[in-house]
Amino acid sequence: MWGGRFAEGPAAVMREINASLPFDKRLWKQDIAGSIAHARMLGAQGILDMQDVDAIIGGLEAIQAEYEAGDLPSDLDLEDIHMATECRLAEKIGAVAGRLHTARSRNDQVATDFRLFVRDCVDEVDASLAALQRALVARADEHAASVMPGFTHLQSAQPVTLGHHLMAYYEMIGRDRSRFADARARMNLSPLGAAALAGTGFPTDRHMTAAALGFDGPTRNSLDSVSDRDFALDYLMAATQCSLHLSRLAEEFIIWASQPFGFVSLPDAYSTGSSIMPQKRNPDAAELVRGHAGRIMGCMTSLSVTMKGLPLAYSKDMQDDKPPLFEAHDLLGLSITAMAGMVETTRFRTDRMRALAESGFATATDLADWLVREADVPFREAHHITGRAVKAAEEAGVSLDKLPLNTLKAIDPRIDERVYAVLTVDASVASRRSFGGTAPDQVRARIAEAQAALAMETGQ
Ligand code: ARG
């Protein structure tokens, strides 16, 4: 392809280090779409004869059918998917294939293909995140009033509902979707036609190719067009943050599935047994989601370091943009799907959650708040009185609502029998009706909003 100036072929190692075909063949669909759009534009602008354009497009469509059938190129001498497809086109339609590369370069070609690919990745991720959100909302709806301990420092803090807890992840995933949507809007400009780095002297129409490929318009600076990989970094950064969220949910499932917690029993389909300990049921899928977050962040770091300090415009370092993006996308897709499956099918042991919520003095704040409200005690003093009540309950081995009234009155005479109404975990959660609080009616209101938002997306 570029042999004119070269007397000798490449060293064997050069052939190997230079070739991106083993991984970039994954861009075949985008490469053919970009070439067809380019060829049509060359014809429309009178840069190529329509007859040649028809031959080129016919050839590209035939190659597309071969690729679709799984017959992808692998010869390293072909370097990359762009050259491999052009070579195949020459085999099919002869010398006219050589006209396709008029007014473009592999630099704008690869930038275009990769943007199209990452745009598809964003759309796929968004669809699977929406499915995860639907699963979270469905389980939250089922458990809007199921009491569980809420934690800070992983210490029992105040009772919450399981529905409220699951809806926290709905919110996180919503922010992830919004980050991916931002990235998509920003990346949706076409670099095609920037050529090698400086634009072209041919009378091309970059607006036409941009529209044909579903872009909002052409990029505005040819140097930036061929050297920009922000779209891939935007994807990887959004993917990293999303994977952090997934790893947190995965970690909850891992903790919840442990025997001391026993909050969930993970479905067989997402667990494995141990080869030597027959009683075991390991939360492997959740552990792998937790682990994959590290690899996804590694991919983001990898491309960041590749891009760091690169002068304009294209440098071959940038060929290394694809493996981390592909890897992160595959890992993220698996993680989201596995997480959605776990959320959908896990059995929540609400009896166990309730028992632990009741055992951790989780309603201590409710006692303190009651003293403030009903006996006009300053909060700091109420906090102190409550601390003594917790101590008494601990010593008696009972929960706060099981302490006899005379014990409570001995701690502070302003306490009366009305206090029992706030000491149960159900009363505690029901009282937290501030906007976004854990009261079941608040949780149900948020669930209804989420259901409406999700239904709107699917047009139901
Ligand atoms: N395989 C290359 C890549 O992925 C395509 C661009 C090559 N351009 C060049 N001038 N060598 O980055």
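Preceding this paragraph is the structure being described.
**Quick look at the overall build of the protein**
Okay, step 1: Counting its secondary structure elements, the protein contains 19 helices and four strands.
Okay, step 2: Against the 2.2 N^0.38 benchmark of 23 Å for 460 residues, the protein shows a C-alpha radius of gyration of 30 Å, more extended than a compact globule.
Okay, step 3: Once the C-alpha set of the protein is aligned to its principal axes, its extents read approximately 100 × 50 × 45 Å.
Okay, step 4: Counting across all 460 residues of the protein, residues that qualify as buried make up 49%.
Okay, step 5: Partitioning the contacts of the protein with sequence separation of at least 6, the portion at a separation of at least 24 is 76%.

**Quick notes on the state of the cysteines**
Okay, step 1: Using the criterion set out here, one finds zero disulfides in the structure.
Okay, step 2: C242 forms no disulfide, and the closest cysteine sulfur to it belongs to C121, at a distance of 13 Å.
Okay, step 3: The class for C242 is buried, based on a relative accessible area of 0%.
Okay, step 4: Of all cysteine sulfurs, the one in C121 lies closest to C299, which takes part in no disulfide; the gap is 12 Å.

**Looking at a nonpolar patch on the surface**
Okay, step 1: A contiguous nonpolar patch, built from V13, M14 and I17 and spanning about 320 Å² of accessible area, is present on the exposed surface.
Okay, step 2: Mapped onto the secondary structure, M14 falls in helix α1 (residues 12-18).
Okay, step 3: For M14, a relative accessible area of 39% puts it in the partly exposed group.

**Considerations on helix α5 (residues 81-93)**
Two residues of an α-helix separated by three or four positions point the same way, owing to the 3.6 residues in each turn.
Okay, step 1: Taking 1.5 Å as the rise per residue, α5 with 13 residues should run 18 Å; its terminal C-alpha atoms sit 18 Å apart, in good agreement.
Okay, step 2: Listed as buried for α5 are I81, H82, M83, A84, T85, E86 and L89.
Okay, step 3: Taken from the residues just after α5, G94 is the one with a positive phi, measuring 80°.

**Quick notes on the packing of aromatic side chains**
Okay, step 1: Applying the stated rule across the entire model yields 10 aromatic pairs.
Okay, step 2: Measuring from centroid to centroid gives 5.6 Å for F114 and F231, while their planes differ by 75°, and the two rings are edge-to-face. One end of the pair, F114, is in helix α6 (residues 106-142); the other, F231, is in helix α10 (residues 230-257), and 117 residues separate them in sequence. Judged on exposure class, the residue F114 and its partner F231 are both buried.
Okay, step 3: Measuring from ring centre to ring centre gives 5.0 Å for F117 and F326, while their planes differ by 65°; the resulting arrangement is edge-to-face. Within this pair, whereas F117 is found in helix α6, its partner F326 is found in helix α12 (residues 322-345), the two being separated by 209 residues in sequence.
Okay, step 4: On the basis of relative accessible area, F326 is assigned to the buried category, the value being 5%.
Okay, step 5: Here the aromatic cluster, defined as three or more aromatic residues joined through ring pairs, consists of F151, F253, W256, F261, F263 and F348.
Okay, step 6: Here R26 stacks its cationic end above the ring of F326, 4.8 Å away from the centre of that ring.
Okay, step 7: Here the basic side chain of R119 rests over the ring of F215, its NZ or CZ set 5.0 Å away from the ring centre.

**Examining α6**
Okay, step 1: Taking 1.5 Å per residue as the helical rise, α6 with its 37 residues ought to reach 54 Å, and the 54 Å between its terminal C-alpha atoms agrees with that figure.
Okay, step 2: You can read the cap of α6 off the contacts: a side-chain oxygen lies 2.8 Å from the backbone nitrogen of N107, and it is on S105.

**Thoughts on the site of the ligand**
Okay, step 1: With respect to spatial proximity, the complete set of residues near the ligand consists of S20, D24, D80, H82, R106, N107, V110, Y314, K316, Q319 and K322.
Okay, step 2: Note that a nitrogen atom of the ligand is positioned 2.9 Å from one of the side-chain N or O atoms of N107.
Okay, step 3: Here a nitrogen atom of the ligand sits 2.8 Å away from a polar atom, N or O, in the side chain of Q319.
Okay, step 4: Relative to its unbound accessible surface of 350 Å², the ligand loses 85% to contact with the protein.
Okay, step 5: At three residues, α6 tops the list of elements feeding residues into the shell around the ligand.
Okay, step 6: Among the residues making up the shell around the ligand, the classes are represented as two nonpolar, four polar and five charged.

**Focus on the pattern of salt bridges**
Okay, step 1: Summed over all chains, the structure comprises 35 salt bridges.
Okay, step 2: Between E457 and R177 there is a salt bridge; the shortest N-O distance is 2.9 Å. Of this pair, E457 sits in helix α19 (residues 440-457) while R177 is found in helix α7 (residues 162-187), placing the two residues 280 residues apart along the sequence.
Okay, step 3: Across the salt bridge formed by R433 and D441, the nearest N and O atoms sit 2.9 Å from each other.
Okay, step 4: The partly exposed category is assigned to D441, whose relative accessible area is 37%.
Okay, step 5: Overlapping salt bridges bring together E66, R88, E91 and K92 as one network.

**Here's the deal with the packing of α7 against α19**
Okay, step 1: Axis separation between α7 and α19 bottoms out at 11 Å; the angle between their running directions is 35°. Handedness of the α7/α19 crossing: left-handed. Residues G163, H164, M167, Y170 and R177 of α7 pack against V443, R446, I447, A450, A453, L454 and E457 of α19.

**Section: the environment of T204**
Okay, step 1: Inspection of the secondary structure assignment puts T204 in the loop between α7 and α8 (206-212).
Okay, step 2: Residues T204 and A44, 160 residues apart in the sequence, show an inter-C-alpha distance of 9.1 Å.
Okay, step 3: Once you skip the residues sitting within four places of it in the chain, T204 turns out to touch M41, Q45, I47 and A103.

**Some thoughts on unusual backbone geometry**
Okay, step 1: Note the cis peptide between L312 and A313, where omega equals 0°.
Okay, step 2: You will see that A103, though not glycine, has its phi angle at about 65°, which is positive.
Okay, step 3: As for its placement among the helices and strands, A103 is situated in the loop between α5 and α6.
Okay, step 4: Of the residues examined, A103 reaches a relative accessible area of 8% and is grouped as buried.
Okay, step 5: With a phi angle near 55°, L154 is a residue other than glycine that sits in the positive phi range.
Okay, step 6: For L154, the position within the fold is in the loop between β1 (147-152) and β2 (155-161).
Okay, step 7: For L154, a relative accessible area of 52% translates into the label exposed.

Conventions we followed
Residues numbered from 1 in each chain as written. Predicted model: local features only at pLDDT ≥ 70, side-chain atom pairs only at ≥ 80, totals over all residues. Heavy atoms only, no water. Helix = DSSP H or I, 4+ residues; strand = E, 2+ residues; numbered from the N terminus. Rg over C-alpha atoms; globule rule 2.2 N^0.38 Å. Buried < 20%, exposed > 50% of the residue type's maximum accessible area, 1.4 Å probe, protein only. Contact = heavy atoms within 4.5 Å. Disulfide = S-S within 2.5 Å. Patch = residues over 30% accessible without salt bridge, like charges linked within 9 Å, V, L, I, M, F, W, Y side chains within 5 Å. Areas by Shrake-Rupley, 256 points an atom, 1.4 Å probe, with all protein chains shown as cover. Salt bridge = Lys/Arg side-chain N within 4 Å of Asp/Glu carboxyl O. Expected span 1.5 Å × (residues − 1). Phe/Tyr/Trp six-rings, centres within 6.5 Å; stacked < 30°, edge-to-face > 60°. Lys NZ or Arg CZ within 6 Å of the ring centre and 35° of its normal. Polar contact = N/O pair within 3.5 Å; in protein donor to acceptor, adjacent residues only side chain to side chain. Near = heavy atom within 4 Å. Nonpolar A, V, L, I, M, F, W, Y, C, P; charged D, E, K, R; others polar. Axes fitted to C-alpha atoms, helices over the stretch in contact; angles between N-to-C directions. Left-handed = near helix turned anticlockwise from the far one by under 90°.

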